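What follows is the residue order along each chain.
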Amino acid sequence: AQRVTQPEKLLSVFKGAPVELKCNYSYSGSPELFWYVQYSRQRLQLLLRHISRESIKGFTADLNKGETSFHLKKPFAQEEDSAMYYCALALNFGKGTSLLVTP
Amino acid sequence: EAGVAQSPRYKIIEKRQSVAFWCNPISGHATLYWYQQILGQGPKLLIQFQNNGVVDDSQLPKDRFSAERLKGVDSTLKIQPAKLEDSAVYLCASSLWGTQYFGPGTRLLVL
């Protein structure tokens, strides 16, 4: 069975601090992993996917098959990064982590 | 391009009543998804259509939920009869090459 775990419900950091949103998955095959973001009063939208290996809005995520993780990272958090972040394994979503960046 | 449209945006009903939600995907998107998002949870896939055929409805409670996608464009999701635990946001999404675009959702409250 495919399962996604986001261990933190809420993550609060100061502006300019590094951010790491954790995501662990359970899947025996080749995973298709995504990060989605939902800003306040906006629609859920794709942030990045592991196959593209790109950086979006300064965020990156590296697939670690040994640790079955796909953590989302940003070196310097901005206030506009405050949002709800969901990790997804194909069409299976985690419960989400609320990121709050304070000045 | 216009995004995924959903209506209504909000709905309040009493338990045992029926309700229907409508979704208009982005033009040309062959794949359409319905998700249920209960407060504090991530979206849960209910059904996936490819054109007007069902790809996956394994998590759709078929005793009370039904969905159709006539002509491979618009889709409706129906709940009949509704239960208290159906209170959630119902999200519709469409995709063309694997990237999902979500609608604003319909917030359902069952009293």
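Further up the page is the structure itself.
Residues numbered from 1 in each chain as written. Chains lettered and ligands numbered in written order. Predicted model: local features only at pLDDT ≥ 70, side-chain atom pairs only at ≥ 80, totals over all residues. Heavy atoms only, no water.

A. Summary view of the interface of chain A and chain B. Contact residues are listed per partner, giving 10 residues for chain A and 19 residues for chain B. Across the interface of chain A and chain B, roughly 1200 Å² is buried in total on both sides, 52% from carbon and sulfur atoms. Taken together, chain A and chain B are joined by 0 salt bridges. At the junction of chain A with chain B, the criterion picks out 5 residue pairs in polar contact (both at pLDDT 80 or more). (Contact = heavy atoms within 4.5 Å. Buried area = accessible area lost by both parts, 1.4 Å probe. Salt bridge = Lys/Arg side-chain N within 4 Å of Asp/Glu carboxyl O. Polar contact = N/O pair within 3.5 Å; in protein donor to acceptor, adjacent residues only side chain to side chain.)

B. Structural detail: the packing of aromatic side chains. For the structure shown, the criterion picks out 11 aromatic pairs over all chains. Ring geometry for A:Phe34 against A:Tyr36: centres 6.0 Å apart, planes inclined by 35°, an arrangement best described as tilted. With respect to class, A:Phe34 is no different from A:Tyr36; both count as buried. On the numbers, 6.5 Å between centres and 75° between planes, the contact of A:Tyr86 with A:Phe93 is edge-to-face. An aromatic cluster of at least three residues, connected via ring pairs, comprises A:Phe34, A:Tyr36, A:Tyr86, A:Phe93, B:Tyr33, B:Tyr35 and B:Phe102. (Phe/Tyr/Trp six-rings, centres within 6.5 Å; stacked < 30°, edge-to-face > 60°. Buried < 20%, exposed > 50% of the residue type's maximum accessible area, 1.4 Å probe, protein only.)

C. Highlighting the environment of B:Asn51. By the element assignment, B:Asn51 lies in the loop between β5 (44-50) and β6 (53-56). In this view, B:Asn51 contacts B:Ala30, B:Arg69 and B:Gly72; residues no more than four positions away in its chain are not counted. (Helix = DSSP H or I, 4+ residues; strand = E, 2+ residues; numbered from the N terminus.)

D. Representation of unusual backbone geometry. In the segment running from B:Ser7 into B:Pro8, the intervening peptide bond is cis, with an omega of -10°. Summarising the element assignment, B:Pro8 is placed in the loop between β1 (5-7) and β2 (10-13). B:Gln80 connects to B:Pro81 through a cis peptide bond whose omega is -5°. As for its position among the elements, B:Pro81 is in the loop between β8 (75-79) and β9 (88-95). The residue A:Ala90 is not glycine, and still its phi comes out positive at about 55°. Along the chain, A:Ala90 falls in the loop between β9 (83-89) and β10 (92-93).

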